Amino acid sequence: MNRLTLIGTLLAAMAGSPALAQDGAHAGHMNMDHGAMQGTNTRDPGAMKMDQGSMKMDAPAAPEGARDPDAYSGGYTLERGPYVLPGPRQLRFADEHRFATLWFDRLERVDTHDATVTAWDAQARIGRDYDKLALKSEGDYGNGRLEEARTEVLWTHAIASFWDTQLGWRHDSGGTDPERDWLAIGVQGLAPYWFEVDATAYVGERGRSALRLSAEYELLLTQRLILQPRAEINVYGKRDEARGIGAGLSDALAGIRLRYEFSRQFAPYAGVEWSGRFGQTADLARQSGTRAKETRLVAGVRMWF
């Protein structure tokens, strides 16, 4: 056997060796395990990306009609979570701001049959979109004294678009009549077809009760010239002779005012108003020498700040 024949015989023997065959199988097995681990090992980056995708798909959906912006944020809020900025919170939603306003719907001189008096109907509010503190005041001043006044302090809560519930206290004063206090509960808002409605029920001492309804409308003749009809009725459940009030429908008024808005905040006006007393209240008015029904001219200004 020459040298080349010997080398060929040795190579053929090594290729068929069990050790070399095992090494090749092991290498193939390792490759297969690595591929399997990519699909199952949670430490694998690819696997982690798949888990994150699953987490986003599992996030809870926003409940129908939800108004809370934190209700479907996955637990993160503007005041809690890893993205909260240090210091006082800078971002605030519109319903988190506090507003204040003073509104004179009527501040006018009224020419009656017996005298000329000053009348007002004002409302002040402070609070947020959903909850506010309201102060209402309405009355007449004439002949050097306060003839009649109604003051209400109310907590106002929004229950629907353009509608608030109101709960609080009313105080009647003026003239020589005894003062009265009432518990007040009512609603105020904008009815369909843009009627502004205010309806309040009252409960007083010694079983007294009352109901007050008012409505007004704004008819735009031009963008600045506005015609405003207004009506109001008052009903009492019990006779109160000391204040000249009878049981049942007590009084009503209807008027119309024409105003010109130099700006949205300032508008002078002039108009005419009819006022009437009914039933027992009319009888008490006649006994005291007061007219039960009359028509009067008014002129004043409407403004707000």
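Anyway, here's the lowdown on the structure attached to this text. The residue count restarts for each chain, going from 1 along the sequence in the order it is written. At least 70 in pLDDT is required for a residue's local features to be given in this predicted model, at least 80 for side-chain atom pairs to be given and counted, and no such filter applies to totals for whole chains, interfaces and linings, which use all residues. Values reported for side chains reflect all heavy atoms of the structure, with hydrogen atoms and water molecules removed beforehand.

### As for the packing of aromatic side chains
- Aromatic pairing here means that ring centres of Phe, Tyr or Trp (its six-membered ring) are within 6.5 Å. Orientation follows from the plane angle: under 30 degrees is stacked, over 60 is edge-to-face, and everything else is tilted. Taken as a whole, this structure holds 6 aromatic pairs when the rule is applied.
- Taking 6.4 Å as the distance between ring centres and 65° as the angle between the ring planes, the aromatic pair formed by Trp182 and Tyr202 counts as edge-to-face. Here the residue Trp182 occupies a position in strand β6 (residues 180-191), and Tyr202 occupies one in strand β7 (residues 195-204), the gap between them amounting to 20 residues.
- Since its relative accessible area comes to 2%, Tyr202 is described here as buried.
- With a centroid separation of 5.1 Å and 75° between ring planes, the pair formed by Tyr260 and Phe262 is classed as edge-to-face.
- Members of the aromatic cluster, joined through ring pairs, are Trp182, Tyr202 and Tyr236. What counts as a helix is a DSSP run of H or I of at least four residues, what counts as a strand is a run of E of at least two, and both are numbered from the N terminus. Between buried and exposed lies partly exposed: a residue is buried under 20% and exposed over 50% of the maximum accessible area for its type, with that area taken using a 1.4 Å probe on protein chains only.

### Re unusual backbone geometry
- In the Ramachandran plot, Asn143 falls in the positive-phi region, its phi being about 55° despite a non-glycine side chain.
- Tracing the backbone shows Asn143 in the loop between β3 (131-142) and β4 (145-160).
- Phi at Arg206 takes a positive value of approximately 55°, unusual for a residue other than glycine.
- As for its position among the elements, Arg206 is in the loop between β7 and β8 (209-216).

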